Amino acid sequence: VTAEQQTVPLTRDLVGRLSAYFSANVVARVSGVLVKRTYKEGDEVKQGQLLFEIDPSYYTAVLNNNLAILAEDQATYTNNRVTAERNHKLLPVGSVSQQTVDDADAAQRSAAAKVQADQAAVATARINLGYTRVTSPISGTASQQQVTQGALVGSATNDAGSGGTLLTTVQRIDPLYVNFTISAADLLTLRQAQNVALAQQNA
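Please read these numbers as outputs of a predicted model, since none were measured by experiment.

**Student:** Would you take a moment to explain the sheet that holds strand 3 (residues 44-45) for this structure?
**Tutor:** One key point about sheets: their strands pair by backbone hydrogen bonds, in either a parallel or an antiparallel sense. On the basis of which strands lie adjacent, the open sheet formed by 4 strands has the order 1-8-6-3 and antiparallel pairing. Looking along the sheet, the strands with just one partner apiece sit at the ends: strand 1 (16-27) and strand 3. Examined bridge by bridge, strand 1 and strand 8 (residues 166-180) share 11 bridges and lie antiparallel to one another. Within the sheet, the bridge partner assigned to Ala-20 lies in strand 8 and is Leu-176.

Right under this line is the structure:
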């Protein structure tokens, strides 16, 4: 056998651990009783797909109550607006005083502000009702459920959305990360070999 110089791959055998490319915890964002799981553990799920349902009865009642309050305050605002417009027309002929007109304007502004607050309360109630349908934040593989049907789950405890009961985890495993450790000496050797190979290619 005639020995000859040639370029060969420089390899190292290392122990690594696979980890998901992307992982998302699915947590409860409102409190209530978990009534249903709609996915099969280990199946692929799509972003926005329904995974769990929390009993919506309480949040439906809150929304209906806020809608009723909004309707009542809208009626009050309409009445105050009509009264204010009428007083503005009567002021030039002296049928009402300036104080009466000012009071009517203030009542209209107050009623308008109340309607805005009611609309915000309705919007919040709709959001909370929507949170009773827990969906997947990403597409990936849904893991084992952490809470069974009939259990009481808790909502998030801060504005960042963390602190809620963990229901499951969805992981994207295509592609995958491979995590491993390598010594500084081996890393230096591999980098030097890579630089030599690049130099030979460019020569």
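That covers the picture; the talk isn't over yet.
**Student:** Explanation requested: the pattern of salt bridges in the structure shown.
**Tutor:** Charged atoms that come close allow side chains of opposite charge to pair. Here the structure, examined in full by the defined rule, presents 6 salt bridges. Among the salt bridges present, the one from Glu-85 reaches Arg-81, with a minimum N-O distance of 3.4 Å. With Glu-85 and Arg-81 both in helix 1 (residues 57-90), this residue pair falls 4 residues apart, about one helical turn. For Glu-85, a relative accessible area of 41% gives the class partly exposed. Put simply, Lys-114 and Asp-118 hold a salt bridge, and the shortest N to O gap is 3.1 Å. Placement of both Lys-114 and Asp-118 in helix 2 (residues 98-130) is noted, with a separation of 4 residues, approximately one turn of the helix. Of the residues examined, Lys-114 reaches a relative accessible area of 39% and is grouped as partly exposed.

**Student:** What exactly am I supposed to notice about the pairing of strand 4 (residues 50-54) here?
**Tutor:** A regular strand places its side chains so that they alternate between the two faces of the sheet. Counting buried positions along strand 4 gives 4 out of 5 residues, so the element sits mostly inside the fold. By the bridge criterion, 3 bridges tie strand 2 (residues 32-37) to strand 4 in an arrangement that is antiparallel. Opposite Leu-34, over in strand 4, you have Ile-54 as the bridge partner. As paired strands, strand 4 and strand 5 (residues 133-135) are joined by 3 bridges and run antiparallel to one another. Considered in strand 5, the bridge of Glu-53 is made with Arg-133.

**Student:** Help me out: how do you make sense of the nonpolar core in this one?
**Tutor:** Most often, soluble globular proteins keep nonpolar side chains buried together rather than apart. Leu-51, Phe-52, Ile-54, Val-153, Leu-167 and Val-170 are the most contacted members of the largest nonpolar core, which has 18 residues in total. Listing elements by their share of this core, those giving two or more residues are strand 1, strand 4 and strand 8. Element by element, the count of residues in this core is highest for strand 4, at 3 residues. Setting aside chain neighbours within four positions, we find Phe-52 in contact with Leu-34, Lys-36, Arg-37, Thr-38, Tyr-39, Thr-132, Arg-133, Val-134, Gln-145, Leu-167 and Thr-168. Core analysis: the next-biggest nonpolar cluster, separate from the first, contains 5 residues, Leu-63, Leu-70, Val-122 and Ala-125 among them.

**Student:** Is there a simple way to think about the confidence of the model for the protein chain in this case?
**Tutor:** The predicted coordinates should not be examined in detail at positions where pLDDT is low. Within the protein chain, residue pLDDT values average 91, and 97% of them lie at 70 or more. At the low end of the mean pLDDT range in the protein chain sits helix 3 (residues 184-202), at 86; at the high end sits strand 4, at 97.

**Student:** I'm lost on the packing of aromatic side chains in this one. Help?
**Tutor:** The way to describe two aromatic rings as a pair is by their centre distance and the angle between their planes. As enumerated under the stated definition, the model contains 3 aromatic pairs in all. Note on Tyr-39 and Phe-52: the rings are 5.5 Å apart at their centroids and 80 degrees apart in plane angle, and the pair reads as edge-to-face. Taken together, the residues span a long stretch of sequence, with Tyr-39 in the loop between strand 2 and strand 3 and Phe-52 in strand 4 at a distance of 13 residues. Residue Tyr-39 is classed as buried on the basis of its relative accessible area of 5%.

Rules of the game
Residues numbered from 1 in each chain as written. Predicted model: local features only at pLDDT ≥ 70, side-chain atom pairs only at ≥ 80, totals over all residues. Heavy atoms only, no water. Pairing = 2+ DSSP bridges. Helix = DSSP H or I, 4+ residues; strand = E, 2+ residues; numbered from the N terminus. Salt bridge = Lys/Arg side-chain N within 4 Å of Asp/Glu carboxyl O. Buried < 20%, exposed > 50% of the residue type's maximum accessible area, 1.4 Å probe, protein only. Core = buried A, V, L, I, M, F, W, Y, C linked by side-chain atoms within 4.5 Å. Contact = heavy atoms within 4.5 Å. pLDDT = per-residue confidence, 0-100. Phe/Tyr/Trp six-rings, centres within 6.5 Å; stacked < 30°, edge-to-face > 60°.

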